[in-house]
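Close look at the chain arrangement
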Amino acid sequence: DAELAALVTQLDELEGPSLADPALLAAQFKEYDDMLTRDDAEQWNGNGDLMHSPFSREHLDLENMEPATIYSVGPGDMLEKDFWEMLQCHSIRVLYDIRPTDYRGELFSRHQRFSTTALRAQCRARGIFFKSMPIGRESAYGTLAHIKSDEGRHTLIELAWQGKRKRTAFLGSQELWTEDSRQAAAE
């Protein structure tokens, strides 16, 4: 009987009033739920467009994504060999070409070796994932306006997604980022 009374007393203490605030518990569970939803929205195989899914568009934004290191590179007047050595030294596995295009959607490159077609072929030969997603097209009213648009934000979110998984860089035109339109994307 004494053991039974001790067990009943112990159970009463365990089932007694909770010390946890219901509002704190609700906030904690909402945070867990948001984290799981964000993880579900990030399920992507790396092909096509990450933000194609309405679920991803609704639940992914840069402010709530985990920080990622993304490199900014610009070939300027570099030799092709030096450019690829630079990427190799930093173990870059993903390269996004965000250089702005003209009203026809064409990219002007001072050197043919850094044209979109040439870069795509060279990246394929080196096992680097390459994707061209221009930010700052003339039809989007320049870099700053384009980066604020849905398409511009989607490009940045996709860059951050890639950066969380592999060494990622985005490509500008000039060697110095302060003299390039990629400065807006970097900030």
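Read on for an overview of the structure. Remember, predicted model here, so these are calculated numbers, not experimental data.

As a further point, take the environment of Met 86. With respect to the element layout, Met 86 can be found in helix 4 (residues 80–89). With 13 residues separating them in the primary sequence, Met 86 and Val 73 have C-alpha atoms 8.9 Å apart. Setting aside residues no more than four positions away along its own chain, Met 86 makes contact with Val 73 and Met 78.

Before going further, it helps to spend a moment on the nonpolar core. Residues Leu 50, Leu 60, Tyr 96 and Ile 157 are the most contacted members of the largest nonpolar core, which totals 18 residues. Those elements that provide at least two residues to this core are strand 2 (94–97) and helix 7 (150–165). For this core, the element with the most residues is helix 7, which contributes five residues. Aside from chain neighbours lying at most four places away, what touches Leu 50 is Ala 41, Trp 44, Ser 56, Leu 60, Ile 157, Glu 158 and Trp 161.

Under the definition given, this model contains five salt bridges. One salt bridge connects Lys 131 with Glu 158, and the closest N-O pair in it is separated by 2.7 Å. Residue Lys 131 is located in strand 3 (residues 129–132), and its partner Glu 158 is located in helix 7; the two are separated by 27 residues in the primary sequence. The two residues Lys 131 and Glu 158 agree in class, both being buried.

Here Gln 162 lies in helix 7. Look at Gln 162 and you get buried, because its relative accessible area is 5%. If near-sequence neighbours (up to four positions away) are discounted, Gln 162 is found in contact with Trp 44, Gly 46, Val 94, Tyr 96, Phe 129 and Thr 168.

It is worth spelling out unusual backbone geometry at this point. Here the phi dihedral of Ser 91 falls at roughly 55°; this positive angle occurs in a residue that is not glycine. Along the chain, the position of Ser 91 falls in the loop between helix 4 and strand 2.

For the coordinates displayed, the defined rule picks out four aromatic pairs. Measuring from ring centre to ring centre gives 5.2 Å for Phe 83 and Phe 114, while their planes differ by 70°; the resulting arrangement is edge-to-face. Of this pair, Phe 83 sits in helix 4 while Phe 114 sits in the loop between strand 2 and helix 5 (116–126), placing them 31 residues apart in sequence. Aromatic side chains Tyr 96 and Phe 129 sit 6.3 Å apart centroid to centroid with 50° between the ring planes, which places their arrangement in the tilted category. Placement of the pair is Tyr 96 in strand 2 and Phe 129 in strand 3, with a sequence separation of 33 residues. For Tyr 96, a relative accessible area of 0% translates into the label buried.

Definitions and cut-offs
Residue positions are given per chain, counted from 1 along the sequence in the order it is written. Where local features are concerned, this predicted model is filtered to residues with pLDDT of at least 70; where side-chain atom pairs are given and counted, the filter is 80 or more; whole-chain, interface and lining totals use all residues. No hydrogens and no water enter the side-chain calculation; it runs on all heavy atoms of the structure. Labels follow the DSSP assignment, with helices taken as runs of H or I lasting at least four residues and strands as runs of E lasting at least two, numbered in each case from the N terminus. Residue contacts follow a heavy-atom distance rule, with two residues in contact if any of their heavy atoms lie within 4.5 Å. Buried Ala, Val, Leu, Ile, Met, Phe, Trp, Tyr and Cys residues form a nonpolar core when they are joined through side-chain atoms within 4.5 Å. For each residue, the accessible area found with a 1.4 Å probe, counting protein chains only, is set against the maximum for its type, and the residue is called buried under 20%, exposed over 50%, and partly exposed in between. Just to be clear on terms, a salt bridge is a Lys or Arg side-chain nitrogen sitting within 4 Å of an Asp or Glu carboxyl oxygen. Aromatic contacts are taken between Phe, Tyr and Trp rings whose centres are within 6.5 Å, Trp giving its six-membered ring; a plane angle under 30 degrees counts as stacked, one over 60 as edge-to-face, and the others as tilted.

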